[in-house]
Amino acid sequence: VSLMLTAPLNVSLEPWAEMRGVHLENSIFEYYYIASLKGATPTVQWLGQVEYIMTLSDSEYDMFLTDLKARGIEPLNKLWKSCHWKEFSWFHAVAHWGLQNLVEGVNFFAPYTKFVIHPCGEKYWMTYMNTGVALNSIAKTVGTDAVPLYRKIG
């Protein structure tokens, strides 16, 4: 167990900013925060999206993720989809490359098929990091540098 001591978060912000946060009941000691201009739409949208995701059943969340992919939105901005075994050998690296390209090919048709493949641990991370999925769904991340997209929404 680690303990991090900081100044109160509201003291850390400029007077023109506000911070909103969420505590995930099913995850011990998991708190997430977002800061933006006071009254800015992104913080309200993010918190609303997190609250919406929390109401979804597993099958509804799968449909939500599939809908994001079908609209061209990368829920985790193409992160956390690599397989741990790709480092074992050059053969594993080539097999991993083939798998990732196969997945990209299948997922390319998601708008028409409503079917998505999540390689390796990607689905686990999409569930565990659902607050990030909420933010990326608002920013409409596509697998590139997300910072400009985050700045664009505030």
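That block above? That's the structure.
Residues numbered from 1 in each chain as written. Predicted model: local features only at pLDDT ≥ 70, side-chain atom pairs only at ≥ 80, totals over all residues. Heavy atoms only, no water.

(A) Geometry of the packing of aromatic side chains. Inspection of every chain in the model, using the stated rule, returns 4 aromatic pairs. When the centroid spacing of 5.9 Å and the interplanar angle of 65 degrees are considered together, the rings of Tyr52 and Phe64 count as edge-to-face. Taken together, the residues span a long stretch of sequence, with Tyr52 in helix α2 (residues 41-55) and Phe64 in helix α3 (residues 58-70) at a distance of 12 residues. Since its relative accessible area comes to 11%, Phe64 is described here as buried. Their ring planes at 90 degrees and their centres at 6.4 Å tell us that Trp90 and Phe91 sit as a pair that is edge-to-face. By relative accessible area, which is 68% here, Trp90 ends up exposed. Residue class for Phe91 comes out exposed when judged on its relative accessible area of 54%. (Phe/Tyr/Trp six-rings, centres within 6.5 Å; stacked < 30°, edge-to-face > 60°. Helix = DSSP H or I, 4+ residues; strand = E, 2+ residues; numbered from the N terminus. Buried < 20%, exposed > 50% of the residue type's maximum accessible area, 1.4 Å probe, protein only.)

(B) The arrangement of unusual backbone geometry in detail. Notably, Asn77 is not glycine yet its phi reads approximately 55 degrees, a positive angle. What makes Asn77 buried here is its relative accessible area of 10%.

(C) Broad picture of the environment of Gly121. As for its placement among the helices and strands, Gly121 is situated in the loop between α5 (110-113) and α6 (122-128). By relative accessible area, Gly121 is classed as partly exposed at 26%. Remark: the alpha-carbon pair of Gly121 and His84, spanning 37 residues in sequence, is separated by 9.0 Å.

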